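Summary of the model geometry
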Amino acid sequence: MSASRLLVTIASDPPPRLDKALARDVPEAAALSRSRLAKMLAEGAVLLDGDAVTDSKARPAEGQVYELVIEAAVETDMTPEDIPLEVVFEDDSLIVVNKPAGMVVHPAPGSPAGTLVNALLAHCGDSLSGVGGVARPGIVHRIDKDTSGLLVAAKTDRAHHSLAAQFEKHSVERHYLAVVHGVPDAADPRLRGIRGVSFEDGGILKLTTQIARHRTDRQKQAVVFQGGKHAVTRARVVELLGRPPAAALVDCWLETGRTHQIRVHMAHAGHALIGDPVYGGRRKLPARCEPAGAAEAAANFPRQALHAATLGFVHPETNDFLRFEADLPVDLKELLAALGASPRDTKP
């Protein structure tokens, strides 16, 4: 297998660990993440005076010249599958898709095939230059199987590194449209009495908690205030639904991106998503809610009513800010119609 070689000179005042020093001093154009460098160290692909250095904690010295042996990307063991994709944007660096509800993002023991990654492998083909040394798309964020909407994947190591850093810094713009039980209202004393709930100007609901895996149900996440990961969600009501109002179309946007964050946070606030089988409980719309059939439509909605509608980020190569929007899918439009929503542009 062909390999390229890269010389990296340790600059002045190096960090005390070799992996950190290499991550600092490797040319940006090489797009080698610290995790990739750590893997190369472990595999003996980092040489000093011709000898392999495998200790990532070794202390580097200013002026040392390390030779990095960068192997060509190997083939992934995941199978390409010719699954139709709605591609919103694509170039040599990345691809943005509008994922349908029901599609898993990444293969896992319970979903080894039919995933977005399988579809991207087939769609992108030879345009994948390799992520982490493997010819695969770089998944930097995920949306739940039964959530529809926008997702970006990297096609190169450089793009993967850049996008991952933006998500880590919480600088990526992400708006979701959700249909929730009840109406989040700043005047509601019940809401103001819930820990972690506050309101900002304009009646914007802010949820600030920690989120951790549920203590007894390992498939769920839960709101906690110690021992979890910091999570912030904001939401504003877009439209009241039903007569009298019994639900709402809500625009939610993320400051952080934790597993099931919007679903967990809205349920914590007492406004679980319609159709959510995990966090929605047994809550139903009142039978007297109009229009006729609204309660039945909500009760029979087969998934969490959540759609990743807006995605914005800085392009890794051009540094242009890209912003994409995806209209609601048919099933959510039909739910809104059944709940008496007014005809509107269904983007945030």
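Scroll up to find the structure.
Residues numbered from 1 in each chain as written. Predicted model: local features only at pLDDT ≥ 70, side-chain atom pairs only at ≥ 80, totals over all residues. Heavy atoms only, no water.

1. Let's talk about the overall build of the protein
The helix and strand inventory of the protein stands at eight helices and 18 strands. Principal axes of the C-alpha set define a box for the protein whose edges measure 80 × 45 × 40 Å. For the protein, buried positions account for 46% of its 348 residues. The contacts in the protein between residues at least 6 apart in sequence include a share of 64% that link residues at least 24 apart. (Helix = DSSP H or I, 4+ residues; strand = E, 2+ residues; numbered from the N terminus. Buried < 20%, exposed > 50% of the residue type's maximum accessible area, 1.4 Å probe, protein only. Contact = heavy atoms within 4.5 Å.)

2. Looking at unusual backbone geometry
A cis amide bond, omega -5°, links Arg243 with the succeeding residue Pro244. One can find Pro244 in the loop between strand S15 (229-241) and strand S16 (247-254). Here the amide bond leading from Glu290 into Pro291 is cis, since omega sits at 5°, within 30 degrees of zero. Summarising the element assignment, Pro291 is placed in the loop between helix H6 (261-268) and helix H7 (294-299). Even without being glycine, Asp49 reaches a positive phi, approximately 55°. Locating Asp49 in the fold gives a position in the loop between strand S2 (46-48) and strand S3 (51-52).

3. Observations concerning the nonpolar core
Counting 34 residues, the largest nonpolar core has Leu120, Ile262 and Met266 as the members making the most contacts within it. When near neighbours in sequence (up to four residues on either side) are disregarded, Leu120 contacts Leu85, Ile95, Val97, Gly125, Pro137, Ile139 and Ala153. (Core = buried A, V, L, I, M, F, W, Y, C linked by side-chain atoms within 4.5 Å.)

4. Comments concerning the pattern of salt bridges
Applying the stated rule across the entire model yields 17 salt bridges. With a shortest N-O distance of 3.7 Å, Arg190 and Asp188 are connected by a salt bridge. Accessibility expressed as a relative area gives 38% for Arg190, which makes it partly exposed. The residue Glu255 makes a salt bridge to Arg234 at a minimum N-O spacing of 2.8 Å. In this pair, Glu255 is assigned in the loop between S16 and H6 and Arg234 in strand S15, connecting sequence segments 21 residues apart. For Glu255, a relative accessible area of 31% puts it in the partly exposed group. Residue class for Arg234 comes out buried when judged on its relative accessible area of 16%. Via salt bridges that share partners, Glu200, Lys206, Arg234 and Glu255 belong to a single interconnected network. (Salt bridge = Lys/Arg side-chain N within 4 Å of Asp/Glu carboxyl O.)

5. Looking at the packing of helix H1 (residues 18-25) against helix H2 (residues 34-42)
Direction vectors running N to C along H1 and H2 enclose 125°, while the axes themselves pass 9 Å from each other. One element, H1, and the other, H2, form an angle in the oblique class. You can see that H1 and H2 cross each other, and the crossing is right-handed. Along its contact with H1, which presents Leu18, Asp19, Lys20, Leu22 and Ala23, the element H2 presents Arg34, Leu37 and Leu41. Of the residues contributing to the contact of H1 with H2, the split by class is five nonpolar, no polar and three charged. (Axes fitted to C-alpha atoms, helices over the stretch in contact; angles between N-to-C directions. Parallel < 35°, antiparallel > 145°, perpendicular 65-115°, else oblique. Left-handed = near helix turned anticlockwise from the far one by under 90°. Nonpolar A, V, L, I, M, F, W, Y, C, P; charged D, E, K, R; others polar.)

6. Re the packing of aromatic side chains
Aromatic ring pairs are described here by two measures, namely the spacing of the ring centres and the angle between the planes. Applying the stated criterion across every chain yields a total of two aromatic pairs. Note on Phe89 and Phe324: the rings are 5.4 Å apart at their centroids and 40° apart in plane angle, and the pair reads as tilted. On the criterion of sequence distance, the pair formed by Phe89 in strand S6 (residues 87-90) and Phe324 in strand S18 (residues 321-325) is long-range, its members being 235 residues apart. A relative accessible area of 11% means that Phe324 is categorised as buried. Here the aromatic rings of Phe313 and Phe324 are separated by 6.1 Å at their centres, their planes lie at 40°, and the arrangement is tilted. Of this pair, Phe313 sits in strand S17 (residues 306-314) while Phe324 sits in strand S18; the two residues are eleven residues apart in sequence, bridging distant segments of the chain. Here Phe313 matches Phe324 in class, with each residue buried. An aromatic cluster is present here, built from Phe89, Phe313 and Phe324 joined pairwise through their rings. One cation-aromatic arrangement involves Arg195 over Phe225; the distance from NZ or CZ to the ring centre is 4.0 Å. (Phe/Tyr/Trp six-rings, centres within 6.5 Å; stacked < 30°, edge-to-face > 60°. Lys NZ or Arg CZ within 6 Å of the ring centre and 35° of its normal.)

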